[in-house]
Amino acid sequence: MSRLWTNKPLALMFCALVVLGLSCAHKQAVVAPEPVPAARTQAEPPSGTTEVQPEPTISPAEHPEGAVTAGELPSSLEELNRAGYLKDASFDTDKSELRPDTRDILAADAAWLKGHTTVKVLIEGHCDERNTEDYNLALGWRRANNAKAYLVMLGVPADQVVTISYGEERPFATCHNESCWSQNRRAHFVITAR
Amino acid sequence: MKTSVRFFIVVCLAIAAAAPSRGQEEVYLKVTSPGLTRVMIGLPVFTSRPGTDPAAANNLITTLRKDLDETAVVGVVPEEYARLVEVDPNNFPVTRQRWRAVGAQFLLDGTFAGAGNQLVLEVRLWDLTSGEVAYSRRLQGTVTLAPTIAHTLANELVKLFTGKPGPFLSRIAFVSDRTGNKELWVMRWDGSEAQQLTTHKSIALSPAWSPDGQWLAFTSFLRGQPQLFLLRPTQGTLKSISTLPGVNSSPSFSPDGKLIALAAGEAGGTDIFVVPAAGGEPERLTHERTISTNPAWSPSGRQILFTSTLGGSPQLYVMDAEGANVRRVTFEDKFADEGAWAPDGVRIAYTTLVDDQFQIAILDLRANTRTVIPGPGSNESPCWSPDGTMLALVSTRTGAKQIFITDPAGRPKQITFEGNNVQPAWVAQVQ
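So, how was this worked out
- Residues numbered from 1 in each chain as written.
- Chains lettered and ligands numbered in written order.
- Predicted model: local features only at pLDDT ≥ 70, side-chain atom pairs only at ≥ 80, totals over all residues.
- Buried ≥ 20, exposed ≤ 12 C-beta atoms within 10 Å, placed from the backbone.
- Helix = DSSP H or I, 4+ residues; strand = E, 2+ residues; numbered from the N terminus.
- Pairing = 2+ DSSP bridges.
- Axes fitted to C-alpha atoms, helices over the stretch in contact; angles between N-to-C directions.
- Parallel < 35°, antiparallel > 145°, perpendicular 65-115°, else oblique.
- Left-handed = near helix turned anticlockwise from the far one by under 90°.
- Contact = placed C-beta atoms within 7 Å.
- Nonpolar A, V, L, I, M, F, W, Y, C, P; charged D, E, K, R; others polar.
- Domains from an automatic or database assignment.
- Core = buried A, V, L, I, M, F, W, Y, C linked by C-beta atoms within 7 Å.
- Expected span 1.5 Å × (residues − 1).
- Arc of directions from axis to C-beta.

1. Examining the pairing of strand S30 (residues 421-427) of chain B
Residues and elements named next belong to chain B.
Point 1. For S30, the tally of buried residues reaches 7 of 7 residues, placing the bulk of the element in the interior.
Point 2. Two elements, strand S7 (residues 171-176) and S30, share 5 bridges in a ladder whose sense is antiparallel. Residue pairing for S30: Val 175 is matched across the bridge by Val 422.

Here's what the structure looks like:
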């Protein structure tokens, strides 16, 4: 260690700033690094007294007004949903496009909805866990809306169908392999009004 | 009593003013690099003047020693060596020499004082090579603030050697399902003092700090559809900030704190929007209606990094903050998402896919390099420490999803243990 000592502490300046060893150098897009404003090394005058303030107290968030807490659905709706008049649409990994078999299922759903015009449905987009949370939220949104668009194309009034994405947050099956993942990639139908 | 305290302060100010100021603003070690020898600081037993609360003083020293030992740039001469140093009060050059003999390059000399519930610490950092005072400081607070005084001092000492304050007052917000629902939590950077911020029993996602540490933006299903909220952790205040159609996810504050970028969009498309942090009309930046998400503002505020499926698979893109000049920055990944811009504006940490497992990768825009940091299990959601020397990430290497932080040498350390803990967001200090 002593060989590092010289007259000036500047001798302590070491090589490059890199968090982790960079070894492989591959070609990347030509994006110029952003100029960063020069770091302010001028410390505040360290003399004098600093009154150290307590770190702020952290408190939990209040419930905002109008917060919706999930209420119990009327039993008739539950029964309606349990009866399985509407079938869920399933999707391939990382896809939101409708497969031919999915289209057949949605066509049957559309026919039933057109025969029950007072019924309102919520289509929930769901994903398996194999993407990041935020990407899956967007993917589930696409799945739910692609299913809705197909229903509307087949003549279901747009205001009969509402969509939401749950991404990977509400999985139907919780194992970590394809047998569960395939169940979780779906547009799930929930009847919300008779 | 009051008079004597005032007199004491005056004396201390006089001492501080008399101390040589040269070197006080000097940055001793401008950069850090893995595997380097740390700057070693000798920490003698501080003098305690009458009136000092011994327990508080002891607490302060223990915390300071622990803080400094956790950094990669500064180390404290171990106590067993420090004990060997015989202090000659009348001959500082000799004392200096003895500290150097046990490996110290700097000496932090301190005096405690106190009155009532106040604890006062006056320190001077001696450069043992030049024999000059590199830094002097007087810190004061109630005895219960002893750890905070230590964190403040440790932050400043690190800043002296790196130009940036240490992480000792920093906190990490995250999402945890340990209560059975995904709620927002916050903890100290080392994982201690975890506190639950929301009890909405809904789904909370993607927290992001305002640069001043006052607000957390996050997505919640509290009102049914996912919406973007702002939470003030010190007050519990909750405000709605975006109710656009779509996911309202992945907020990122502009560096001046005035704008929030987010992902949303109608009819199944997800694009990047910007909304004033004070509330107001959102502005749409992208119009592709595919999936564009996870915006991240560049440190200069001039560019926004985001994930998009524009070219098929999710890849990272950069655009000007006004939405123009979209260009792709990842080309070698099957999948690239969750880009996080380092405070230096040069490096981007992101989540890539290697052998069907998520791994963290780092793009260096200046050197044109891409480095994958392989680790056991699945590794995602990288997040830089405020000084850019460490990363927080989520890994399944020990089973459930847990938050790890890496030190500047890249060594990972698990800091959460209960339930699944995801989406870390690191801030220098909560205000």
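2. Considering the packing of helix H2 (residues 100-115) of chain A against helix H3 (residues 133-153) of chain A
All names here are of chain A.
Point 1. For the pair H2 and H3, the least separation of the axes is 9 Å and the interaxial angle reads 55°. Here H2 is positioned oblique relative to H3, judged by the angle of their axes. Like other packed secondary-structure pairs, H2 and H3 cross with a definite hand, here right-handed. Across from Arg 103, Leu 106, Asp 109, Ala 110 and Leu 113 in H2, the residues of H3 making contact are Ala 147, Tyr 150 and Leu 151.
Point 2. Across the contact of H2 with H3, the residue classes break down as 6 nonpolar, no polar and 2 charged.

3. Observations concerning the sheet that holds strand S18 (residues 292-297) of chain B
Residue and element names in this part refer to chain B.
Point 1. Ordered by their spatial adjacency, 4 strands build an open sheet running S18-S19-S20-S21, and the pairing between neighbours is antiparallel. Pairing within the sheet leaves two strands with one partner each, and these edge strands are S18 and strand S21 (327-328).
Point 2. Of the pairings in the sheet, the one linking strand S19 (residues 303-308) to strand S20 (residues 315-320) comprises 6 bridges and is antiparallel in character. Its bridge partner being in S20, Thr 307 is matched across the sheet by Leu 316.

4. Some words on the sheet that holds strand S5 (residues 186-193) of chain A
Residue and element names in this part refer to chain A.
Point 1. Spatial strand order, S2-S5-S3-S4: 4 strands in an open sheet with mixed pairing. Since the sheet does not close on itself, it has two edges, and those belong to strand S2 (89-90) and strand S4 (161-167), each with one partner.
Point 2. Bridge analysis of strand S3 (residues 120-126) against S5 gives 7 bridges, and the strand direction is antiparallel. Bridging from a neighbouring strand, Gly 125 pairs with Ala 187 of S5.
Point 3. Taken strand by strand, H3 contacts S2, S3, S4 and S5, and its axis lies near 155° from that of S4.

5. Side note on the domain arrangement of chain B
Point 1. Assigned domains of chain B: these are domain 1 (2-162) and domain 2 (171-427).
Point 2. Between domain 1 of chain B and domain 2 of chain B, the C-alpha centre-to-centre distance is 38 Å.

6. Remarks on the nonpolar core
Point 1. Counting residues in hydrophobic clusters, the biggest one holds 112 residues, and the most contacted among them are Ala 217, Leu 231, Ile 260 and Ile 348 of chain B.
Point 2. For this core, the leading source of residues is H3 of chain A, giving 8 residues.
Point 3. Apart from the residues lying within four places of it in its own chain, the contact partners of Leu 231 of chain B are Ala 61 of chain A together with Leu 184, Leu 197, Trp 215, Leu 216, Phe 218 and Leu 238 of chain B.

7. Points about unusual backbone geometry
Residue and element names in this part refer to chain B.
Point 1. Even without glycine at this site, Glu 338 takes up a positive phi of about 60°.
Point 2. Despite not being glycine, Asp 355 has its phi angle at roughly 50°, a positive value.
Point 3. Looking at where Asp 355 falls in the secondary structure, it is placed in the loop between strand S23 (347-354) and strand S24 (357-364).
Point 4. Asp 355 gets classed as exposed once you count the C-beta atoms within 10 Å, which come to 6.

8. What about the packing of helix H2 (residues 54-70) of chain B against helix H5 (residues 146-162) of chain B?
All names here are of chain B.
Point 1. For the pair H2 and H5, the least separation of the axes is 8 Å and the interaxial angle reads 35°. The two elements H2 and H5 cross, and the hand of that crossing is right-handed. Residues Ala 56, Asn 59, Leu 60, Thr 63, Leu 64, Asp 67 and Leu 68 of H2 form the contact with H5, whose participating residues are Ala 146, Pro 147, Ile 149, Ala 150, His 151, Leu 153, Ala 154 and Leu 157.
Point 2. Class assignment for the residues of the contact of H2 with H5 results in 11 nonpolar, 3 polar and 1 charged.

9. Overview of H2 of chain A
Residues and elements named next belong to chain A.
Point 1. Over its 16 residues, H2 runs 23 Å from end to end, which matches the ideal 22 Å to within 8%, given 1.5 Å per residue.
Point 2. Buried residues of H2: Thr 102, Leu 106, Asp 109, Ala 110 and Leu 113, and no others. End-on, the buried residues of H2 take up no more than an arc of 105°, which puts them together on one face. Among the exposed residues of H2, those oriented more than 90 degrees off its buried face are Pro 100, Asp 101 and Gly 115.
Point 3. For H2, the secondary structure elements touched by its buried residues are S2, S3, H3 and S5.

10. With respect to the environment of Thr 369 of chain B
Point 1. Counting through the fold element by element, Thr 369 of chain B comes out in strand S25 (residues 369-373).
Point 2. Linking Thr 369 of chain B and Arg 347 of chain B, residues 22 residues apart in sequence, is a C-alpha distance of 9.5 Å.

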